[in-house]
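Structural characterization, general
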Amino acid sequence: MNLANDAPLRPIDWIGGLDGYVDLIDQTLLPVEFKCLECRDVETIHDAICRLAVRGAPAIGVAAAMGVVLGVRWVDAANRDAFLGQVDRVCDYLGGTRPTARNLFWALDRMRNCARSRGDENIGEVRAALLTEARAIRDEDAAMCRAIGDTGQSLIPDGGAVLTHCNAGALATAEYGTALALMYRAHELGKRFTVYVDETRPLLQGSRLTAWELRRAGIDVVLICDNMAGHVMRTRGVDVVVTGADRIAANGDAANKIGTYGVAVLAKAHGIPFHVAAPSTTFDMGIVTGADIPIEERSPDEIRRGFGALTAPEDVPTYCPAFDVTPADLIRSIITERGIIEPVSSRTVADCVGAAGA
Ligand code: MRU
């Protein structure tokens, strides 16, 4: 992977042919170290997703698709049915990693369907087709992010201030990002603006990743703690809030990193438009409202001893949801690669992404 400072930030790629490997930027090391992790088996991908070495719903989907290839490429199947059984087992294994990320399940379904649709081909050809499919998922995600940037950049005011939460940038996708795509595109078009970046407790994706990648692109960043957002909106002026999403229900309710809901409530209280940027692959049209979106809970130690330092009584009870749901009525618009959904309702969501979704 090209880690030069002026190279496009592509957090995940497949290097070589079927005997190659998945190369991913180890996001747990940023911003201290900018290093890649070579993954040559599905267990390493599974572990990388669980411990957030690769994270962000679209990037998780790409990693999982490539993980399927790693998990079945050398399997010694007696016949096609046995091979398809192994594809299913690997998909189930990877599907157990991050329950909220819709793109994970979307990508795994696509890999299963790819294997099943190759009825007349021998197992070697199906393996090759799976690699082609995983690469296509990566490339398509990159194209969707570019389209989101083109479509949404007009929401970024020249000379204004934007606030974002967590990391919905290049690192969270195949490249370019979703929420940050708007900012990258506006910056490329010559607009100048400031981005207030919530640090995003407890794993600090805002400070470790968003602040790092926006500064790498030359965009003006001001890092704030999560509990400063209301004060900043009130005293410094924020023109627009943009976040990503991990899963969007059919009515437009959007799950994103824990704390996003609070930011949306604050934005409403201050009359600031709150926008979500996400590809069609993040929509789950099988879920009617956000109440049914599964919310991942993570280890108590992410709160009690974040990054190794004990910051609470060792055995204090905790509650550690990784995501929350912002109701559609707090969302001014959802920017997708297919256009902008505004106002956000079951009808406008279905008009944009289709009744069955991506
Ligand atoms: O737990 P994470 O870091 O995977 O959570 C990521 C987010 O919540 C992002 O905002 C979301 O995936 C959108 S990414 C384009």
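Just so it is clear, the model here is predicted, and its values are computed rather than measured.

This part takes up the side chain of Thr282. Residue placement: Thr282 occurs in the loop between strand E10 (274–277) and strand E11 (283–284). Excluding residues that lie within four positions of it along the chain, Thr282 makes contacts with Arg102, Asn103, Ala245, Asp246, Arg247 and Ile248.

In summary, soluble globular proteins display a tendency toward joint burial of nonpolar side chains. Grouped together as the largest cluster of nonpolar side chains are 46 residues, with contacts concentrated most on Val22, Leu24, Ile45, Phe83, Met111 and Leu130. Take this core: its biggest share by element is 12 residues, from helix H2 (residues 57–72). For Val22, the residues in contact, after removing those within four places along its chain, are Ile12, Asp13, Trp14, Leu37, Glu38, Cys39, Ile45, Met66 and Leu70. Of all hydrophobic cores here, the second largest spans 31 residues; its members include Ala264, Phe274, Met285 and Ala328.

Taken together, the three strands give an open sheet; going across it, the order is E1-E2-E3, and neighbouring strands pair in antiparallel fashion. A strand with exactly one partner marks an edge of an open sheet, and here the two such strands are strand E1 (12–15) and strand E3 (36–39). Between one strand axis and the next, the sheet turns by 25° as a mean value, whatever way the strands run. Taken together, the four bridges between strand E2 (residues 21–25) and E3 define a ladder with antiparallel strand orientation. Bridging from a neighbouring strand, Val22 pairs with Cys39 of E3. Where helix H1 (residues 42–50) meets the sheet, it contacts E2 and E3, and its direction lies at approximately 140° from that of E3.

We now examine the domain arrangement of the protein. Domain annotation for the protein reports domain 1 (12–146) and domain 2 (154–353). Between domain 1 and domain 2, the C-alpha centre-to-centre distance is 25 Å. Tallying the contact residues gives 29 residues for domain 1 and 36 residues for domain 2. Taken over both partners, the interface formed by domain 1 and domain 2 buries close to 2800 Å², and the fraction arising from carbon and sulfur atoms is 56%. Counting across the domain 1 and domain 2 interface gives three salt bridges. The partner of Arg98 in a salt bridge is Glu296, and the shortest N-O contact between them spans 2.7 Å. Along the contact surface separating domain 1 from domain 2 lie 19 residue pairs in polar contact (both at pLDDT 80 or more). Looking at the side of domain 1 that touches domain 2, the elements with two or more residues in it are H2, helix H4 (102–117) and helix H5 (123–152). For the side of domain 1 that touches domain 2, the element with the highest residue contribution is H5, accounting for six residues.

Moving on to the pattern of salt bridges. Within the structure shown, the criterion is met by 24 salt bridges. Note that Asp88 and Arg116 form a salt bridge whose closest N and O atoms lie 2.9 Å from each other. Here Arg116 lies in helix H4 and Asp88 lies in helix H3 (residues 80–95), a separation of 28 residues in the sequence. Between Glu175 and Arg138 there is a salt bridge, with its nearest N and O atoms 3.3 Å apart. One end of the pair, Glu175, is in the loop between strand E4 (161–164) and helix H6 (179–188); the other, Arg138, is in helix H5, with 37 residues separating them in the sequence. Via salt bridges that share partners, Arg10, Arg138, Asp139, Arg146 and Glu175 belong to a single interconnected network.

Here the focus is the site of the ligand. Not every one of the 19 residues close to the ligand is listed here, only the nearest: Arg55, Arg98, Asp246, Asn256 and Lys257. A distance of 2.8 Å separates an oxygen atom of the ligand from a polar atom in the side chain of Arg55. In this structure, an oxygen atom belonging to the ligand sits 2.7 Å away from a side-chain N or O atom of Lys257. Computed on the free molecule, the ligand has an accessible area of 410 Å², of which 100% lies beneath the protein chains in the complex. Among the secondary structure elements, those contributing two or more residues to the shell around the ligand are H2 and strand E9 (254–257). A class-by-class count of the residues in the shell around the ligand yields eight nonpolar, seven polar and four charged. Mapped onto the domain boundaries, the shell around the ligand takes at least three residues apiece from domain 1 (12–146) and domain 2 (154–353).

Attention now moves to the packing of H3 against H5. Closest axis-to-axis distance for the H3/H5 pair is 10 Å, and the angle between their directions is 25°. The orientation of H3 with respect to H5, classified from their angle, is roughly parallel. For the pair H3 and H5, the sense of crossing is right-handed. Each of Arg80, Phe83 and Val87 in H3 lies in contact with H5, whose residues at this interface are Ile123, Val126, Arg127 and Leu130. Residue composition of the contact of H3 with H5, by class: five nonpolar, no polar and two charged.

Before going further, it helps to spend a moment on the sheet that holds strand E12 (residues 323–326). With mixed pairing, the four strands of this open sheet are ordered in space as E11-E8-E9-E12. For this open sheet the edge positions go to E11 and E12, each flanked by a neighbour on one side alone. In the sheet, E9 pairs with E12 via four bridges, with the strands oriented antiparallel. The residue of E12 that forms the bridge with Ala254 is Thr326. Where helix H9 (residues 260–269) meets the sheet, it contacts E9 and E12, and its direction lies at approximately 35° from that of E12.

Cut-off values and rules
- Each chain has its residues counted from 1, following the order in which its sequence is written.
- Restriction of local features to residues with pLDDT of at least 70 applies here, the model being predicted, together with a cutoff of 80 or more for giving and counting side-chain atom pairs; totals for whole chains, interfaces and linings are based on all residues.
- Side-chain numbers here rest on the full set of heavy atoms in the structure, without hydrogens or water.
- Helix and strand definitions here come from DSSP, where helices need a minimum of 4 consecutive H or I residues and strands a minimum of 2 consecutive E residues; each element is numbered from the N-terminal end.
- A contact between two residues is defined here by any heavy atoms of the two lying within 4.5 Å.
- Take the buried Ala, Val, Leu, Ile, Met, Phe, Trp, Tyr and Cys residues and link them wherever side-chain atoms come within 4.5 Å; each set so joined is a nonpolar core.
- Between buried and exposed lies partly exposed: a residue is buried under 20% and exposed over 50% of the maximum accessible area for its type, with that area taken using a 1.4 Å probe on protein chains only.
- Paired strands, in this sense, are two strands between which DSSP finds at least two bridges.
- Throughout, an axis means a line fitted to C-alpha atoms (over the contacting stretch in the case of helices), and angles, computed between N-to-C directions, take values from 0 to 180 degrees.
- Residue ranges labeled as domains rest on an automatic or database domain assignment.
- What counts as buried area is the accessible surface, traced by a 1.4 Å probe, that two parts surrender upon association, with contributions from both included.
- Just to be clear on terms, a salt bridge is a Lys or Arg side-chain nitrogen sitting within 4 Å of an Asp or Glu carboxyl oxygen.
- N or O atoms within 3.5 Å of each other form a polar contact, as long as, within protein, one can give a hydrogen and the other can take it, and as long as residues adjacent in sequence are counted only when both atoms are side-chain atoms.
- In these notes, residues near a molecule or strand are those with any non-hydrogen atom within 4 Å of it.
- Reported accessibility uses the Shrake-Rupley method at a 1.4 Å probe radius. Residues are deemed covered only where the shown protein chains occlude them.
- Charged means Asp, Glu, Lys or Arg here, nonpolar means Ala, Val, Leu, Ile, Met, Phe, Trp, Tyr, Cys or Pro, and polar covers whatever is left, Gly included.
- By the definition adopted for this analysis, an angle is roughly parallel if under 35 degrees, roughly antiparallel if over 145, roughly perpendicular if from 65 to 115, and oblique otherwise.
- Rotating anticlockwise by less than a right angle from the far helix to the near helix defines a left-handed crossing, while the corresponding clockwise rotation defines a right-handed one.

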